[in-house]
Structures are given as structure tokens and as C-alpha cells.
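Given next are the chains, with one letter for each unit.
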Amino acid sequence: MERGGDVAEMKEWCRSIPKIELHAHLNGCIRDSTLLELAKVLGEKGIINFADVEHVIRKCGRSLSECFQLFDLFHILATDHGTISRITKEVVEDFAADEVVYLELRTTPKNNETKGMTKRSYMKAVIDGLRSVDALNVSFSNSSERTENISSSTQNNYANCMERKTIHIRLLLSIDRRETTIAAMETVCLALELREFGVVGIDLSGNPIVGEWKTFLPALKYAKEQGLSVTLHCGEVSNKKEIQEMLDFVPERIGHACFLDKDDWEKARVLQIPVEICLTSNLRTERLSTIDLHHFANLHKGNHPLVLCTDDTGLFSTTLSNEYYLAAATFGLDQKDVLRLATNAIEFVFGGSEVKKALRGIFGDSARKLAEVFPSWKSLGGEDVKVQIKSLR
Ligand code: 6MZ
């Protein structure tokens, strides 16, 4: 099926290589087991009817509108601070277990008066969740690259700590398309306030048929002026005018980009705007009829900057390894192509030059280690392969 190894080896290759995740929504990545557990508890308390939601959670293929119904349910389930912290911790652990070495996790700060939750306290719960990961070294500070969660007991055994996996994390705050201009501006101000806790940018997401671009533009412009990076869900549905306006804004990345016309792609090409590609998500939400028709093929062929992402690992039952394997199996990529794709993602992270330097080191080391484990990689000259890191801007 693919060059450079059989199916099992390619799957293992995609799992083993270091990976960078740049498009993952926190609440879309909740483990199914956690979601069911939370729903059961709320059912027992009489807050929801568990029988009504169980089949929705367990359902596999969903339309885009069904996904947004499910997100409303997620928001009912995950309203208290402790649950938000728990979900964050589990999501980080799951990405690290999949050899993700840099994770840009995005989430929509939420107000929930009845639970005493403000957008700020929601984000504090997320950051507490990052701090509570004890099986890994979690580095999420922007101002320095030190490891954030080395507990005092672990500090006593620093050597042991250095042997543990490290995951670099940065946060993006999402503006939901249902929000007003004022609410969007609040989110940007909160992002600015939380920069020292690893917040590096803003995302615009939510139901793509809701809201208007002009509502969010003032907040997004302000974010840009203040030095935050901006990524937009762009062209998830067909909306020519909005797609053009979004590209004219020149975001630092766009997500999905399923409904761009030829002239839109030309603009994206001239501006070299990296695209966050979410294959399984696009397939499951019926953005295209079959995976081989995905725009990944043309973008990859044309060397357009792109990065493979999961979108919502829980909602779509996927992993980043799985997305790499899907791309390899569908579009005939070999091991070198796959590693090159994963490595190129370094250039598109919002985390800044220090973290990029650290990531280049991680990818360089791993190319050598992989050669010891994968015979076909060795025969391709794996140790000597310098995966080119493109400088795009
Ligand atoms: C658009 C999406 C999305 O923010 O509560 N979200 N927005 N398109 C998608 N593709 C299917 N997947 C997720 O995570 C869940 C929220 O992320 C956005 C939606 O606004 C969803 O409510 P947080 O952590």
C-alpha cells in the first residue's frame, strides 16, 4: 500500500515519531470514559436523563450540526472547575502517550454564573489541570522554558525527572461564533492577561453557520495589534464572502479550509498561510464524500505549508498518529514524507523561537533513535537524513 514498509510498520512509525498538535479543542478531546462517567453522575443527580444522552455519546458518525448539539451537552457536563482541571490533565496525558511533544490546546473560556464560573476562573482551572499532570514534565511557560510542574519531591530526584517524557504546551483562547463583540474582546483581554501562563493566541471557532465576521473583527484586530497569534476556522462551510474577508485579515494559520475556491487558494498561497488539516473530522462531518478527494493532496503536492491535526480526538475517536497514518495510507506517503510533515510543523507553532529551537533538537535526536528501531528507515539512510526544516516567513 505504501512505500517504505508494510501497514503495521507504517502505523508504528506514525505512532513513534515525535508529533506537534496545533488544532485540538479541549472539550472535544474528552475521553469517552470520562464523558460517560460525568453523564452518569449528572443523571444520578437528576440534572440530565442519562438514557437520553448515552446513545448520543456512543454514536460514531455525526453530521456537523449533530457535533454542535453534542458540544452543548459537553458544556452541561463540564461546568465545575474540578472537572475542567481533570479533563485538561487527561487530555495532556493522552496526547503525550501518543508521542505529541508540543501541544497547542485551544479552549473557549466560559461564564457560568450558577457554578460561580467566570472566563478567568475557567482558565485558572485549565492551568491548574496542566499543573496537576504528575507523570510528565509539562512546560507551558512563555517567559522561560523551564519545566513547570516539577514538584518538590521530584526535584529531589531530578535525574529521574529528566528521564520522563516532556510535553511543551501552549494555550489558545477560542472565541465562539455565538459571542458578541464585547464577549470576544473580553476573551482577547484575558488572553493578554494570561500570557505568562503560556497563552499565545486566539482562535475563532464554533458553529460555522452562526455569527458574522464583522462581529469578531474588532477583537481579532486588537489581538493582532497586541502581538497575539490568530488562527481562524475558515471555510468549514461554503461562505465565499467570509472566506475572502478572513484571508484579507492574514491570520497566522487557518483551520479546515474545506470550501476555498481556486482564487482563495491562490491568495492563501501568495500569503503562505499554513493550513491546519483535520482529515477524520472533515470526513466524519461530511465536508467531503471520500478522503482521497481531500484538499490535502493538492496542498501537499504544491508544497503549501500545512500541519496534520486531530480537531477533537474524543468526538472523532482519533489520535494524531492515526491522522498521520490516514494521510500516509490515502496519499501514498513513505516514512520520510511522514517525518518531514511532522517536522515542518515546527515552523507553524505560535510558541516562539525558544520552543522552536527545543523542538528542532527533539526531532533531530529522534531521527537518529528511530533508525535503530526501524530497519526500513535504516535502509533509507535514516541516520543521515536531514529532514529539511523550511523557513517560510
Ligand atoms: C468549529 C469546533 C469544532 O472550546 O469547549 N469546536 N468549532 N468546528 C469544529 N469542527 C468539528 N470542533 C470543536 O471545545 C469545544 C468547542 O470547540 C469548538 C466548538 O465551539 C466547541 O463547542 P472547548 O474546549
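Residues numbered from 1 in each chain as written. Predicted model: local features only at pLDDT ≥ 70, side-chain atom pairs only at ≥ 80, totals over all residues. Heavy atoms only, no water.

A. Main features of helix α2 (residues 32-44). Here α2 spans 18 Å end to end across 13 residues, near enough to the 18 Å set by a 1.5 Å rise per residue. What α2 keeps buried is the set T34, L35, L36, L38, A39 and L42. Where α2 terminates, the next one or two residues include G46, which has phi positive at roughly 80°. (Helix = DSSP H or I, 4+ residues; strand = E, 2+ residues; numbered from the N terminus. Expected span 1.5 Å × (residues − 1). Buried < 20%, exposed > 50% of the residue type's maximum accessible area, 1.4 Å probe, protein only.)

B. A look at the packing of aromatic side chains. What the rule picks out here adds up to 4 aromatic pairs. With 5.5 Å between their ring centres and 55° between their planes, F68 and F71 make a pair best called tilted. A residue pair is termed a helical-turn pair when its members lie 3 or 4 positions apart in one helix, as F68 and F71 do in helix α4 (residues 64-77) at 3 residues. Given the relative accessible area of 14%, F71 is considered buried. With a centroid separation of 5.7 Å and 80° between ring planes, the pair formed by W213 and F249 is classed as edge-to-face. Taken together, the residues span a long stretch of sequence, with W213 in helix α10 (residues 213-225) and F249 in the loop between α11 (240-248) and β7 (253-256) at a distance of 36 residues. Each member of the pair, W213 together with F249, is buried. Taken together, the ring pairs in this structure connect F68, F71 and F74 into an aromatic cluster. Across the ring face of F249, the terminal group of K224 is positioned such that the distance to the ring centre comes to 4.2 Å. Over the ring of F350 we find R253, and its NZ or CZ is 3.8 Å from the ring centre. (Phe/Tyr/Trp six-rings, centres within 6.5 Å; stacked < 30°, edge-to-face > 60°. Lys NZ or Arg CZ within 6 Å of the ring centre and 35° of its normal.)

C. Inspection of the site of the ligand at higher detail. As a matter of local geometry, the ligand sits amid 20 residues, with T107, T108, K110, E236 and D312 nearest to it. The contact in question runs from a nitrogen atom of the ligand to an N or O atom on the side chain of E236, over 2.8 Å. Between the ligand and D312, the relevant distance is 2.8 Å, taken from a nitrogen atom to a side-chain nitrogen or oxygen of the residue. Burial of the ligand by the protein amounts to 100% of the accessible area it has alone, namely 510 Å². No other element matches the 4 residues that α4 contributes to the shell around the ligand. A per-class count over the shell around the ligand returns 5 nonpolar, 10 polar and 5 charged. (Near = heavy atom within 4 Å. Polar contact = N/O pair within 3.5 Å; in protein donor to acceptor, adjacent residues only side chain to side chain. Areas by Shrake-Rupley, 256 points an atom, 1.4 Å probe, with all protein chains shown as cover. Nonpolar A, V, L, I, M, F, W, Y, C, P; charged D, E, K, R; others polar.)

D. Spatial organisation of the confidence of the model for the protein. Confidence in the prediction of the protein, expressed as mean pLDDT, is 88, and 88% of residues score 70 or more. Note on residues 150-159: pLDDT is under 50 here. Beyond four places in sequence and across chains, it has 5 contacts. Within the model, pLDDT remains below 50 along residues 383-393, and this stretch shows 27 contacts once partners closer than five positions in the same chain are excluded. (pLDDT = per-residue confidence, 0-100. Contact = heavy atoms within 4.5 Å.)

E. Spotlight on helix α16 (residues 335-344). The buried count for α16 comes to 8 of 10 residues, which makes it a mostly enclosed element. The set of residues buried in α16 consists of Q335, D337, V338, L339, L341, A342, T343 and N344.

F. Geometry of the nonpolar core. In terms of nonpolar packing, the biggest core is built from 118 residues, with I167, L220 and F296 touching the most fellow members. Dropping the residues within four chain positions of it, I167 is found in contact with V92, F95, A96, V100, V101, L103, L136, N137, V138 and S139. (Core = buried A, V, L, I, M, F, W, Y, C linked by side-chain atoms within 4.5 Å.)

G. Just the pairing of strand β5 (residues 199-205), in detail. For β5, a buried count of 7 out of 7 residues is recorded, marking the element as mostly surrounded by other parts of the structure. Pairing of strand β4 (residues 166-176) with β5 involves 6 bridges; the strand directions are parallel. Bridge assignment links I175 to a residue of β5, and that residue is L204. Following the backbone out of β4, through helix α9 (residues 181-193) and into the adjacent parallel β5, one traces a crossover that is right-handed. Where β5 and strand β6 (residues 229-234) come together, 4 bridges link them in parallel fashion. Counterpart to I202 in the pairing with β6 is V230. One crossover worth recording links β5 to the parallel β6 by way of α10, and it is right-handed. (Pairing = 2+ DSSP bridges. Right-handed = clockwise from strand over helix to strand, strands pointing away.)

H. A look at the packing of helix α1 (residues 7-16) against α16. The N-to-C vectors of α1 and α16 enclose an angle of 20°; their axes lie 11 Å apart at closest approach. Judged by the angle between their axes, α1 and α16 are roughly parallel. Taken as a pair, α1 and α16 cross one another with a handedness that is right-handed. On the side of α1, the interface is formed by E9, M10, W13 and C14, while α16 contributes Q335, V338 and L339. (Axes fitted to C-alpha atoms, helices over the stretch in contact; angles between N-to-C directions. Parallel < 35°, antiparallel > 145°, perpendicular 65-115°, else oblique. Left-handed = near helix turned anticlockwise from the far one by under 90°.)

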